[in-house]
Amino acid sequence: MRGKSRKCVGLSLARSGAIALALPNVLLAQRPNGSTPMTPVQRAIQATVSILAMSTNDTLQGSGFLVSPTGVVVTAAHVVDGASLIRVHGSNGITSDVLGVYVINRTADFALLKIQPVSTPTLRLANSDSVSVGQHVIAVGAPLGLEATVTDGLVSARRADSTRVLLQVSI
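These numbers were taken from a predicted model, which means no experiment stands behind them. (Residues numbered from 1 in each chain as written. Predicted model: local features only at pLDDT ≥ 70, side-chain atom pairs only at ≥ 80, totals over all residues. Heavy atoms only, no water.)

Asker: Give me the pattern of salt bridges: which residues, what numbers.
Answerer: Applying the stated criterion across every chain yields a total of four salt bridges. We note a salt bridge from D129 to R158, for which the minimum N-O separation is 3.9 Å. Placement of D129 in the loop between β9 (110-114) and β10 (136-141) and of R158 in strand β11 (residues 149-160) is noted, with a sequence separation of 29 residues between them. Given a relative accessible area of 59%, D129 falls into the exposed group. (Salt bridge = Lys/Arg side-chain N within 4 Å of Asp/Glu carboxyl O. Helix = DSSP H or I, 4+ residues; strand = E, 2+ residues; numbered from the N terminus. Buried < 20%, exposed > 50% of the residue type's maximum accessible area, 1.4 Å probe, protein only.)

Dropping the structure here:
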């Protein structure tokens, strides 16, 4: 598909630990085993995980999502930073202790975690430059451990600081 723009789910982590998805109406995703296609929201629910991050002094709860069947999970850095044990649980039944942390970026507030390989749906990261103000977005997460929570809103604005462009969403 060189030279062509592909429409895919645009993802962003919100401070609440939910993920925001910019959803084109035409996107249908296949289940890993090739059975009936899922809607983007169904796929996002299947790929979303609850995260329990435990340290000596505290236990934090958040959400993340699977981006690779090899077991790569994206979450917010503030949820897992400093944790001595991190446990992941999905609405699809997967439960796994985190095997390692690929990266924690405190400035951008994201982390990449490694769990066991999974056979559940995953989400593709998209180019946020293709998201426009006014576009409908869906947030999928597990606030307070309430898995498969879905809400909607809009991309409210594009904001820039000295190093990056941020998307403001009304979710």
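Asker: Would you mind going over unusual backbone geometry in detail, with residue names and values included?
Answerer: Positive phi, normally seen in glycine, also occurs at L144, with a value near 55 degrees. Relative to the assigned elements, L144 resides in the loop between β10 and β11. Its relative accessible area of 78% is what places L144 among the exposed residues. Positioned with a positive phi, A148 is a non-glycine residue whose angle comes to about 65 degrees. Considering the arrangement of structural elements, one finds A148 in the loop between β10 and β11. Residue classification places A148 among the partly exposed positions, given a relative accessible area of 39%.

Asker: Give a description of the environment of T151 that names residues and reports values.
Answerer: Note on placement: T151 falls in strand β11. Given a relative accessible area of 38%, T151 falls into the partly exposed group. Distance from T151 to A139, taken between C-alpha atoms, is 5.3 Å for residues twelve residues apart in sequence. Here T151 is in contact with V137, I138, A139 and I171, once residues within four sequence places are set aside. (Contact = heavy atoms within 4.5 Å.)

Asker: Could you give an account of the nonpolar core, naming the residues involved and the relevant values?
Answerer: In terms of nonpolar packing, the biggest core is built from 16 residues, with I51, V80, L113 and I115 touching the most fellow members. Of all elements in the fold, only β3 (48-54), α2 (77-80), β6 (85-90) and β9 reach the threshold of two or more residues within this core. A total of three residues in this core trace back to one element, the largest contributor, which is β3. Apart from the residues within four sequence positions on either side, V80 is in contact with I51, A53, T75, I86, I104, A111 and L113. (Core = buried A, V, L, I, M, F, W, Y, C linked by side-chain atoms within 4.5 Å.)

Asker: Explain the pairing of β11 to me, using residue names and the numbers behind them.
Answerer: Both β10 and β11 contribute to a ladder of six bridges, which runs antiparallel. Its bridge partner lying in β11, A139 is registered against T151. Pairing analysis gives five bridges linking β11 to strand β12 (residues 165-169), with the strands arranged antiparallel. Looking at β12, one finds that R159 is bridged to L166. If you look at the hairpin formed by β11 and β12, you'll find four residues sitting between the two strands. (Pairing = 2+ DSSP bridges.)

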